[in-house]
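# Topology and contacts: notes
These are the residues of each chain, in order.
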Amino acid sequence: MSDKPNSPIYVTRPYLPPLEEFLPYLEQIWATRQLTNGGPFHEQFERALGEYLGVKYVSLFANGTLALLTALKALHITGEVITTPYSFVATAHSLLWNDITPVFVDIDRQTMGIAPEKIEAAITERTTAILPVHVYGYPCDVRKIRAIADRHNLRVIFDAAHAFGVRDEGGSLLRHGNLSVVSFHATKVFTTFEGGAIISPNAEIKRRIDNLKNFGFLNEISVTELGINGKMNEVQAAMGLAQLKHIDTAIEQRRAADQTYRRLLAGVRGVHCPMPPAGVRHHNYSYFPILIGRDYGISRDQLFTELRQHSIFARRYFYPLISNFRMYKAADDRKERFPVAADIASRVLCLPIFPGIDEATQTLIGELIARHGGRS
Ligand code: T4K
């Protein structure tokens, strides 16, 4: 077999519904000229999504970052918020945009989310909330985090950008926390091109969020909040409706690709394939992270480069740590405070995974990786 695929293999590819299923939605939008501002597809998609996820109160957004910004505003979060340095930069950016100081805490080796036992030492009189991330759709220790938050009267907002469709023994992972925020970006398991949502625990907070995402308008002539334009438009919502019909198939195809990698990489020395934590009843296989050990033949970055030379565009999600970016250095510059996060960030590589990735491509990737590991 050739050691280069015919076309580049990216870390992910969006799963699109058949175009002929999407066109009737566009025709309706053209006919009604309702393009945004809570149109019929927006209303339909919000309901359908809640039913699919098994949650009651969903607020749709133009993207996940605006949803995070609004979630923080909706709960009046101020002062300091405890969060993880091991995430996409949008997590911490949402705090700075709200003039909130991020306080980074190290992560847990298994969940790769914030380490609950390290949270309390970071709480000060200015702390108002915890912003954990379900990285790769791996649930954080939601119970321990809740218990700490209750002890200290803190709010919990989960950045669940990666966690679409993940369920634990009690149902959707998105039901946890005071709020949960999910992303529907093109690179996510479920996409509306750009998009996102906040899952709320009750109608009152949903109302406040819906008000905030529409500039703070209460009605045509009164603005009661410092809102923003976070609204999802009709094309995005139509895409969501069309996608929902196929999402189970898409996740099933991801599951198969996950199994294939595990088989191909089993026993390769120096390559560890993390598993979702115990307690996950339904995973979404949004990412396939591997961790490169010291006993692997080359470094993580050498492997990353070598794969690129073969047109395999694996990604180092999440390297570098957010705390290393210029605007966060002042907040937290002491790398040794995050030994687990720093270690994982230096060893992680997310392999291409998406519905329809073919077995030949995965076999090639497996062989390229195994070359430097031998078999133990
Ligand atoms: N919180 C967390 C934990 C997050 O991970 C994110 C976003 C957010 C919050 C914020 O949610 P949003 O505001 O984005 O809804 C990507 C995404 O832009 C970002 O959404 C995502 N996390 C992050 C983990 O990854 P990049 O810079 O790596 O994307 P990019 O453009 O390099 O795309 C990766 C590959 O995907 C490309 O090589 C090819 C493929 N691709 C990408 C796009 C955009 C496609 O095939 N089609 C496409 O349209 O950030």
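Worth saying up front: this structure is predicted, and the values here are computed from it rather than measured. (Residues numbered from 1 in each chain as written. Predicted model: local features only at pLDDT ≥ 70, side-chain atom pairs only at ≥ 80, totals over all residues. Heavy atoms only, no water.)

### What about the pairing of strand 9 (residues 179-183)?
Rules: Partly exposed residues are those whose accessible area sits between 20% and 50% of the maximum for their type, while under 20% is buried and over 50% is exposed, using a 1.4 Å probe and protein chains only. The helix and strand labels rest on DSSP assignments: H or I over at least four residues marks a helix, E over at least two residues marks a strand, and numbering proceeds from the N terminus. Pairing between strands is defined by DSSP: at least two bridges between them are needed.
Taken across its five residues, strand 9 has five buried, putting it largely inside the fold. Neither face of strand 9 is open: one carries Leu179, Val181 and Ser183, the other Ser180 and Val182, and all of them are buried. Summarising the sheet, strand 6 (residues 155-159) and strand 9 pair through three bridges and their orientation is parallel. Paired with Phe158 across the two strands is Ser180, which belongs to strand 9. As judged from the four bridges shared by strand 9 and strand 10 (residues 196-200), these two strands associate in the antiparallel manner. Following the sheet pairing, Val182 is matched in strand 10 by Ala197.

### As for the UniProt feature "active site" (unreviewed entry) in the protein chain
Note the cut-off: UniProt positions are given in the numbering used here, feature names are shortened, and annotations may be inferred rather than shown by experiment. Whether two residues touch is decided by their heavy atoms; if any such pair falls within 4.5 Å, the residues are in contact.
With numbering matched to this structure, UniProt assigns "active site" (unreviewed entry) to Lys188. Along the chain, the position of Lys188 falls in the loop between strand 9 and strand 10. Among all residues touching Lys188, those that are not within four sequence positions of it are Ala161, His162, Ser183, Arg254 and Tyr287.

### With respect to the site of the ligand
Going by this rule: One heavy atom within 4 Å of a molecule or strand makes the whole residue count as near it. Counting of polar contacts relies on pairs of N or O atoms within 3.5 Å, with two restrictions inside protein: one atom must be capable of donating a hydrogen and the other of accepting it, and residues adjacent in sequence are counted only when both atoms are side-chain atoms. Each accessible area is a Shrake-Rupley estimate made with a 1.4 Å probe; only the visible protein chains count as cover when residues are assessed. Gly falls in the polar group here, along with every residue not listed as nonpolar (Ala, Val, Leu, Ile, Met, Phe, Trp, Tyr, Cys, Pro) or charged (Asp, Glu, Lys, Arg). The domain boundaries here were taken from an automatic or database domain assignment.
Taken together, 27 residues surround the ligand, and among them Arg13, Thr65, Asp159, His162 and Tyr317 come closest. Tyr317 places a side-chain nitrogen or oxygen 2.5 Å from an oxygen atom of the ligand. Protein burial of the ligand: of its 910 Å² of free accessible surface, 76% is covered by the chains. Of all the secondary-structure elements, those providing two or more residues to the shell around the ligand are helix 3 (64-74) and helix 4 (90-96). Counting residues per element, the shell around the ligand draws most heavily on helix 3, which supplies three residues. Partitioned by chemical class, the residues of the shell around the ligand number twelve nonpolar, eleven polar and four charged. Residues lining the shell around the ligand come from more than one domain, with at least three contributed by each of domain 1 (19-244) and domain 2 (247-370).

### A short note on the sheet that holds strand 8 (residues 171-172)
The three strands are arranged 8-7-14 in an open sheet whose pairing can be described as antiparallel. Looking at strand neighbours, the two that pair on one side only are strand 8 and strand 14 (280-282), the edges of this open sheet. As paired strands, strand 7 (residues 167-168) and strand 14 are joined by two bridges and run antiparallel to one another. Residue pairing in the sheet places Asp168 in a bridge with Val280 of strand 14.

### Structural notes on the packing of helix 8 (residues 247-265) against helix 12 (residues 359-370)
Going by this rule: For helices, the axis comes from a line fit to the C-alpha atoms of the stretch in contact; other axes are also lines fit to C-alpha atoms, and the angle between any two N-to-C directions lies between 0 and 180 degrees. Working rule for handedness: look at the near helix, and if it is turned counterclockwise from the far one by less than a right angle, call the crossing left-handed; if clockwise, right-handed.
Here helix 8 crosses helix 12 at 35°, and the two axes come no closer than 9 Å. In terms of crossing hand, the pair formed by helix 8 and helix 12 is right-handed. Where helix 8 abuts helix 12, its residues Ala257, Thr260, Tyr261, Arg263, Leu264 and Leu265 lie against Glu359, Gln362, Thr363, Ile365, Gly366 and Ile369.

### A look at the sheet that holds strand 13 (residues 271-272)
Consider a sheet: its strands pair through backbone hydrogen bonds, and that pairing is either parallel or antiparallel. Pairing in this open sheet of three strands is antiparallel, and the strands run 13-15-17 from one edge to the other. In this open sheet, the two strands that pair with only one neighbour each are strand 13 and strand 17 (348-351). Taken together, the four bridges between strand 15 (residues 288-292) and strand 17 define a ladder with antiparallel strand orientation. Bridging from a neighbouring strand, Pro289 pairs with Cys350 of strand 17. This element, helix 8, spans strand 13, strand 15 and strand 17 of the sheet and lies at about 20° to strand 15. Seen against the sheet, helix 9 (residues 300-309) touches strand 15 and strand 17 and runs at an angle of roughly 25° to strand 17.

### Digging into the nonpolar core
Where we set the bar: Throughout this description, the term nonpolar core refers to a set of buried Ala, Val, Leu, Ile, Met, Phe, Trp, Tyr and Cys residues connected via side-chain atoms within 4.5 Å.
Judged by nonpolar contacts, the single largest core of 51 residues is most densely connected at Phe45, Leu49, Phe164 and Phe184. Elements represented by at least two residues in this core include exactly helix 1 (19-32), helix 2 (40-53), strand 2 (57-61), helix 5 (142-152), strand 6, strand 10, helix 7 (234-244) and helix 8. Mapping this core onto the domain boundaries places at least three of its residues in each of domain 1 (19-244) and domain 2 (247-370). Not counting residues within four places of it along the chain, the set of residues in contact with Leu49 comprises Val58, Leu60, Phe164, Phe184 and Leu244.

### Regarding the pattern of salt bridges
Opposite charge on two side chains lets them pair, provided their charged atoms get close. Which entries qualify depends on this criterion: For this analysis, a salt bridge means a side-chain nitrogen from Lys or Arg found within 4 Å of a carboxyl oxygen belonging to Asp or Glu.
The tally for this structure, following the rule as stated, stands at 20 salt bridges. Here Lys213 ties to Asp210 by a salt bridge, and the two come within 3.9 Å at their closest N and O atoms. Residue Lys213 is classed as buried on the basis of its relative accessible area of 5%.

### Digging into the domain arrangement of the protein chain
The criterion, for reference: In short, buried area is how much 1.4 Å probe accessible area vanishes from two parts on joining, totalled over both.
Partitioning the protein chain into domains gives domain 1 (19-244) and domain 2 (247-370). Using only C-alpha atoms to locate each centre, domain 1 and domain 2 end up separated by 24 Å. Between domain 1 and domain 2, roughly 3,400 Å² of surface is buried when both sides are summed, and carbon and sulfur atoms account for 65% of that area. Run the count over domain 1 and domain 2 and you get one salt bridge. Between Arg109 and Asp343 there is a salt bridge, with the nearest N and O atoms lying 2.9 Å from each other. Put simply, domain 1 and domain 2 have 19 residue pairs in polar contact (both at pLDDT 80 or more) between them. Considering only residue class, the side of domain 1 that touches domain 2 consists of 23 nonpolar, eight polar and eight charged.

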